[in-house]
Each structure stands twice: as structure tokens, then as C-alpha cells.
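# Breakdown of the fold
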2 protein chains.
Amino acid sequence: MRVVLKISYNGQNFNGWQIQPNKRTVQEILETELTKIIGENVRLYSSGRTDAKVSAIEQVAHFDCENCDVNHLAGRLKVVLPDDVKVNEVFVKEDFHSRFDAKEKTYFYNFYLSRYPNPYYDQIALHIGFRFDLDKVKESLQYIKGTHDFTCFTASGTDVEDKVRTITDIQIIDNPLGFYSLKITGTGFLYNMVRIIMGTLIEVGRGKIHPKEIIEIIESKDRGRSGKTVSPIGLVLKEVKYQ
Amino acid sequence: MRVVLKISYNGQNFNGWQIQPNKRTVQEILETELTKIIGENVRLYSSGRTDAKVSAIEQVAHFDCENCDVNHLAGRLKVVLPDDVKVNEVFVKEDFHSRFDAKEKTYFYNFYLSRYPNPYYDQIALHIGFRFDLDKVKESLQYIKGTHDFTCFTASGTDVEDKVRTITDIQIIDNPLGFYSLKITGTGFLYNMVRIIMGTLIEVGRGKIHPKEIIEIIESKDRGRSGKTVSPIGLVLKEVKYQ
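Residues numbered from 1 in each chain as written. Chains lettered and ligands numbered in written order. Predicted model: local features only at pLDDT ≥ 70, side-chain atom pairs only at ≥ 80, totals over all residues. Heavy atoms only, no water.

### With respect to the relation of the copies chain A and chain B
With an RMSD of 0.0 Å, chain A superimposes on chain B once it is rotated by 180° and translated 0.0 Å along the axis. A rotation of that kind, with that shift, is consistent with a two-fold axis. Relative to the rotation axis, the closest C-alpha in chain A is found at Asn 175 of chain A, a distance of 3.4 Å. Mapped onto chain B, 100% of the interface residues of chain A again fall at the interface, so both copies present the same surface. (Least-squares fit on C-alpha atoms with pLDDT ≥ 70 in both. Contact = heavy atoms within 4.5 Å.)

### Here's the deal with the packing of helix α1 (residues 26–38) of chain A against helix α2 (residues 73–80) of chain A
Packed helix pairs are specified by the crossing angle of their axes together with the interaxial distance, meaning the distance between the axes. Residues and elements named next belong to chain A. In the contact formed by α1 and α2, the axes pass within 11 Å of each other and the chain directions differ by 125°. Regarding the angle of α1 to α2, the classification is oblique. Between α1 and α2 lies a crossing whose hand is right-handed. Between α1 and α2, the residues in contact are Glu 33, Leu 34, Ile 37 and Ile 38 and Leu 73, Arg 76, Leu 77 and Val 80, respectively. Classifying every residue of the contact of α1 with α2 gives six nonpolar, no polar and two charged. (Axes fitted to C-alpha atoms, helices over the stretch in contact; angles between N-to-C directions. Helix = DSSP H or I, 4+ residues; strand = E, 2+ residues; numbered from the N terminus. Parallel < 35°, antiparallel > 145°, perpendicular 65-115°, else oblique. Left-handed = near helix turned anticlockwise from the far one by under 90°. Nonpolar A, V, L, I, M, F, W, Y, C, P; charged D, E, K, R; others polar.)

### Section: the packing of aromatic side chains
Evaluated as defined, the whole model comprises 22 aromatic pairs over all chains. Centroid distance Tyr 9 of chain B to Trp 17 of chain B: 6.3 Å. Interplanar angle 40°. Geometry classified as tilted. Like Tyr 9 of chain B, the residue Trp 17 of chain B is buried in the burial classification. Seen in terms of ring centroids, Phe 111 of chain B and Tyr 180 of chain B are 5.7 Å apart; in terms of plane orientation they differ by 25°. Their pairing is stacked. With Phe 111 of chain B in strand β5 (residues 102–113) and Tyr 180 of chain B in strand β9 (residues 180–186), this pair connects stretches of sequence that are 69 residues apart. Three or more aromatic residues link up through ring pairs in this structure, and these residues are Phe 111, Phe 130, Phe 132 and Tyr 180 of chain A. When the ring centre of Phe 130 of chain B is taken as reference, the NZ or CZ atom of Arg 206 of chain B above it lies at 4.2 Å. (Phe/Tyr/Trp six-rings, centres within 6.5 Å; stacked < 30°, edge-to-face > 60°. Buried < 20%, exposed > 50% of the residue type's maximum accessible area, 1.4 Å probe, protein only. Lys NZ or Arg CZ within 6 Å of the ring centre and 35° of its normal.)

Listed below in C-alpha cells is the structure:
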């Protein structure tokens, strides 16, 4: 039986999704509690990893079990899981794969513009304290949209061979609480991709990279020409869409 | 010389704005650091108190000093203040009073609808886990707007005599991150007023109070007929407007 979970977590005190020895990870905590409840060894497969300190509003994962009772599983998980990771939905769906069937993912990268830090935003957004031209950033987004080889926007040395991905939607959103979000939707993302795109947009905003230069940077496939990998604090996986 | 400060804080670990013996408060921390920097005893006056755990995106306060140098004050404060309270702006303005000159204040009360808690939202929003009719809540807002005696929406036993206040704007806002906010603007607020209004709207949303009943509740001036004082976590002072 294949069981699907919708999961949310505050990444602050996690070393990311994936199990690693002696580190607190979302996968490890969920597998441990599920194994105890189900009474079988549970191995979880998510739509994809998230890095240390990255949060998820809605992550999707699945596991297989032979004789398991999924009634009340969500309610039992609610009680045993720590405050910073919760399961919001549980259902059975054969022939479902959380990673291979994922059609689109949406991330938000939150940031705010202000000379000094704002402790209210600091929980969920990156502070940008220098002069910043948001219009130039908006102008540059059109060059990231579409299907490209995104080698320039991933950590060098990753072992994924095909670095072609499709960004279906990318925009800057005004949050009514007074900060901004880079909202980015794509069919798939490379390692550190959203954080490096945001780091590159910061260089656009401060005038170090011209909006149109984004075309050249993508064509160059050179990680050295894009911006820094910015802090994970502003990043949150908003949702994963399936057909 | 009268010095005005714009202040932001994450209320989580504060016992509110106002100084109280042996408690960590925003006012106490700011007065202590200002007194050290300025070299005179500083007494701060804010636009109004905020309760324990309530945050502020932009609170305004002022103090008087005789021989003080306010150049670089913001920069020096940035260094000495803890991570959860920061001063974003400092300027001199004689004949300014942070409380008496305030024309309007805007608060956001954030909440989210989902069967189980969502750890990402839990930092800044109230969880509503039961069936909730948002349209009824929206319908009821028109009865709160305007000038009324709001005795029903303040903690009983407060010593303020005149409980007439004017709500100039009240609406439910969709936050792009997937939660909601009650955005409420008024010329002044009574003690616990926003939290009790939100508590009453929760009763409307769950069907215990009919939208039009809000008219009667306000007319009754009876605290017993309105909803609970909900958690301070969802509440944030967004801004204070001056002429």
C-alpha cells in the first residue's frame, strides 16, 4: 500500500530534509515516528530535498507498507511530532510517486528592504540594507523564465548531468506585511538554484549586473558569473503540484 | 531636544512594551541602551503599549534630552541592541508627541485555516483548525467599522472612561504565503481590543455568532457577549500614522 503525506516544517532547527548521521533532519524524525506507529520499517520518499534551515509550507512524500492502518494516522502523528514539523494530510494512492510524478514546484524567497534589520521580518525574510532597484530586478526576470541550461545557477561540482530546467513563472510579489517575495515556479530545480538566482537578482538590484546581462550569464554556464548563494532563512517550498 | 525613534520588534520573548519590575520589556531595553549612549537619563514615550508577545513592524516613540548627539545614534543602537528589537530611524522633531499626535494605527492579526498546525505559519499566525466560514466573517466587518462605544471589545475592569473609538478600515487580506490577516485601522484602540475583535470574528466564522449580531453585541456594551481574547502571537502593529 502506498501512503502519501503532506508535510509542513519550519526549517530553522533542521539540517534539511535528508537523513544524515548525527544530524536532526525532517526525514529522520518522520521515519522514526512512522516506524513506531505503523510497526514496519518506513522509508520516506519526498518530492525533493530541502537544504538546512529551509522551510516548507507544503512538502509531499510517500512510503510503502504492507499491513498498515492509515486511519487516524494524521491525528496520531500530530501528537508525537515536534512543534516544528507536522503532517497535514494522509491518503492512500497506488501508482503515485512524490518525486517522479511532480509536475511543478513553487518556492518563495522572502526579502525586505530597509536600512536596519527588522526583527519581525528576520524570522522569515532576508534583510537587504543597501540601495536596491526593484524595477531592474523585475525587468531581469523575463530572462530567467523559460527552458535553459541553468549550470550558472547551481553549486559547482554537483553530479547531476542534465542541467536543463524549465521555469514556468517567476515574479516579485508585494507581501501586505511590508516585505517582498521572489515567487518562482518550475518543473524542477537544481541544487541551491533558487538561492543562487536570488543572489544574482541582488546583484541586479544593487546595480552590479545589468538586467540583460542575465542572458549572457545563463549562456556562459559559468557559476563564477552569477551571485552568491544567499541565506536559507528566506526560502520556503510553497507547494508541489501533481497532475 | 525631542528625538523620535521608529522601532521594530519580535514580541515573542518580550513581556510587552511597558517597563515592569523583573520582566524583559522593549521599553526597558531601549531606555537602558539609550541612557548609556546619550549619557542622560532617557525616558521613552511610545504611541501606545503593546502586550506581552505582540510584535511591531513599526512602533514610534520619543524622548527628550538636553545635550545629546543623535548623529550615528541609529548605527550605535544597531550594535548594542539584541536581535529581537531594533531602531530603524532616528530624527529630531520638536513639538512632536508619539502618542497625542498619532492619527491612526494599523494592526494585522494573522491566522490560517487548516485541519492540523503548520509550523511555518505558527511563528506569526493563529491556527484555526475547525470549519470556518470566511465569507460570514467578511460580511460582519461592516458592523465594526465606524465610531462606536467598544466596551464589549475591551478587557472588563480597565480604567479608561471613554470607550468610544473609530475604526476607519477593517478587512480580511489574503497573504500570498497562504494565510489570512485581519487588517484593522483606527484612530485609537482599547486594551486587548484587536484580540477580542478577532476572537469574536472566530465565533462568526464557526457559526456561533451571526454576522448581524455584531450590531447588538456592540450596542450591549457587554464583554460577556463577545469572543475570547485570542493569542498575542498573530498580532503585529504594522504602522502608526501622523499628520
